[in-house]
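Okay, here's what each chain looks like letter by letter:
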Amino acid sequence: MKKEYCGLFGIYGNKEAARMTYFGLYALQHRGQESAGIVTWDGEKIREQKGMGLVADVFNERHLSKELKGSIAIGHIRYSTTGASLIRNAQPFLIRHGDLRLAVAHNGNLVNTYELRTELEAHGSIFQTTMDTEVFAHLIIKYLHESETLEEAVGKACNKVRGAYSMLILANDKMIAVKDPNGFRPLALGRVGGNYVFASETCAFDLVEADYLRPLEPGEMVVVHNNKLTSHRFAEPRRCSKCIFELIYFARPDSHVFGDVVYERRKAMGVMLAKEAPVDADMVMPFPDSGNYAAVGYSQESGLPLELAMIRNHYVGRTFIQPSQDMRDFSVRVKLNPVKSMIQGKRIIIIEDSIVRGTTIRARVKKLRELGAREIHLRVSCPPIKFPCFYGIDFSSKGELIAANHSVENIARFMDIDSLHFLTIPGLLDSVTQDEWCLACFDGNYPIPLNDHMGKDCLEASPGIIKEFC
């Protein structure tokens, strides 16, 4: 099972801030389907609305026009990397401290959450949730008492944590955006009219008709106050470790991420696949939608026709995002349906973006065999995923990963396919325009050292913390 990151959107100084944030989150819905939240500031009062489910289910017209008043807003859509899928873990996380109203929206995952929380609790901090975002909030308040400015306190908090984070912070009439010194998570700056906007992906800017200005730099803090923007460096950039899975799978193909056009990079991965592993076949076929763009590249490079012989039911969510195993299995059955006349007697090259457990693809291949496919060759536009990710992707157990425990030949036999090829790491790097990527899930080279207490449930299982089952 894969799960995706969270999505962030923020806007400063717009009278329709809540509505603009709603649209921004709507554009980022692919990044998480568990919960959604918006927090606004109207000059005197902070307001919030959060709920479980999709953006359209959490917010209605009353929320956007009457309740979420204010010209400053941040929003968040979530899937859980640290902390269970519960309403109390929905974001933005809001606290009140004296006259300060502080809301934090976080995309990423910290590797020292357990240690920091234990330390904070020993000094009297009381936690309401089991997510690492709350650790940020407690650290900000802690350092606020020994700092001259809020920005200084935020910088000290950021330098205390280790891991992946892009964050939006709403503190009364001030908005702060930060990116970790390794640059794991994307966060972009834009402008609509005279208002600054932030988003995890630029597709959110397109929907609200904002101009994309630039990505935030690793270790950068951007502050917007009284509609004026300033940039600070809270830490020097470290080993740059941009998550390459944004380009392989996570980001929408119409987004710019880390300065790259996602569509073009996925197509280039397909071109490289065709060069590395050509095969004599009748057609190239993606498993939509994730394999579509690499399939275009493979088809054009190989000269084989591209056929969309699998039809996707777009009213079924991505299988890996569903938090229930029963629902995930159901989604596999109804998500894709083959065009039977295109399958029988054909030699097929299937293009997929990645393989985690392999059970989903195996079920689909079985269906193609039943329909009379003559040959089935699988080409995967990323290397084998052999190592857990602790920076924001929810495959945190090596036992979940089929490539960590089986050879390519054994995986091919398990799936009942005639041949299997994963894009090589050099081939992947040749398909993108930049360097300095995090490849830990492929090669086990973790850019930030890991601690003993890791994983999504590290806080639920901690001493003194009641674990909730849902």
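Data block above holds the structure.
Residues numbered from 1 in each chain as written. Predicted model: local features only at pLDDT ≥ 70, side-chain atom pairs only at ≥ 80, totals over all residues. Heavy atoms only, no water.

Trainee: Tell me about the pairing of strand β3 (residues 46-52), and name the residues and values.
Mentor: Examined bridge by bridge, strand β2 (residues 35-41) and β3 share seven bridges and lie antiparallel to one another. Across the sheet, the residue bridging to I38 is Q49, located in β3. Counted between consecutive antiparallel strands, the loop separating β2 from β3 contains four residues, among which G43 sits at a positive phi close to 105°. (Pairing = 2+ DSSP bridges. Helix = DSSP H or I, 4+ residues; strand = E, 2+ residues; numbered from the N terminus.)

Trainee: Give me the lowdown on the side chain of D180, citing residues and values where you can.
Mentor: Topologically, D180 is positioned in the loop between β8 (174-179) and β9 (188-192). Buried within the structure, D180 lacks any salt-bridge partner; its nearest side chain of opposite charge belongs to R185, at an N-O separation of 6.5 Å. A distance of 2.7 Å separates the side chain of D180 from the backbone nitrogen of G183, its partner in a polar contact. Setting aside its immediate chain neighbours within four residues, D180 contacts G163, A164, Y165, R185, P218, G219 and F234. (Buried < 20%, exposed > 50% of the residue type's maximum accessible area, 1.4 Å probe, protein only. Lys, Arg positive; Asp, Glu negative; His and termini not counted. Salt bridge = Lys/Arg side-chain N within 4 Å of Asp/Glu carboxyl O. Polar contact = N/O pair within 3.5 Å; in protein donor to acceptor, adjacent residues only side chain to side chain. Contact = heavy atoms within 4.5 Å.)

Trainee: Give me the side chain of R78: which residues, what numbers.
Mentor: The topology assignment puts R78 in strand β4 (residues 72-78). This buried residue, R78, is left without a salt bridge; E34 holds the nearest opposite charge, at 4.2 Å. A distance of 3.3 Å separates a polar side-chain atom of R78 from the backbone oxygen of N89.

Trainee: Please provide a residue-by-residue account of the nonpolar core, values included.
Mentor: Ranked by size, the top nonpolar core spans 70 residues in total, and within it F245, M285 and F442 carry the most contacts. Apart from residues no more than four positions distant in its own chain, M285 is found in contact with E307, A309, M310, I343, I348, I349, I350, I351 and L368. One finds F93, L116, Y143 and A235 within the second-largest nonpolar core, a separate group that totals 33 residues. (Core = buried A, V, L, I, M, F, W, Y, C linked by side-chain atoms within 4.5 Å.)

Trainee: Pulling in residues and values, what's your account of the sheet that holds strand β11 (residues 211-215)?
Mentor: Strand order in the open sheet made by the seven strands is β3-β2-β4-β1-β10-β9-β11, with antiparallel pairing throughout. With one partner strand each, in any of the chains shown, β3 and β11 form the two edges of the open sheet. Across the sheet, the mean angle separating the axes of adjacent strands is 15° when strand polarity is ignored. Its contacts with the sheet place helix α1 (residues 17-27) against β1 (7-12), β2, β4 and β9, and it is angled at close to 25° to β4. (Axes fitted to C-alpha atoms, helices over the stretch in contact; angles between N-to-C directions.)

Trainee: Report on a nonpolar patch on the surface, specifying residues and quantitative values.
Mentor: On the surface, a cluster of nonpolar side chains totalling about 300 Å² of accessible area is made up of F23, Y26 and L207. For L207, the location among the structural elements is in helix α7 (residues 203-207). (Patch = residues over 30% accessible without salt bridge, like charges linked within 9 Å, V, L, I, M, F, W, Y side chains within 5 Å. Areas by Shrake-Rupley, 256 points an atom, 1.4 Å probe, with all protein chains shown as cover.)

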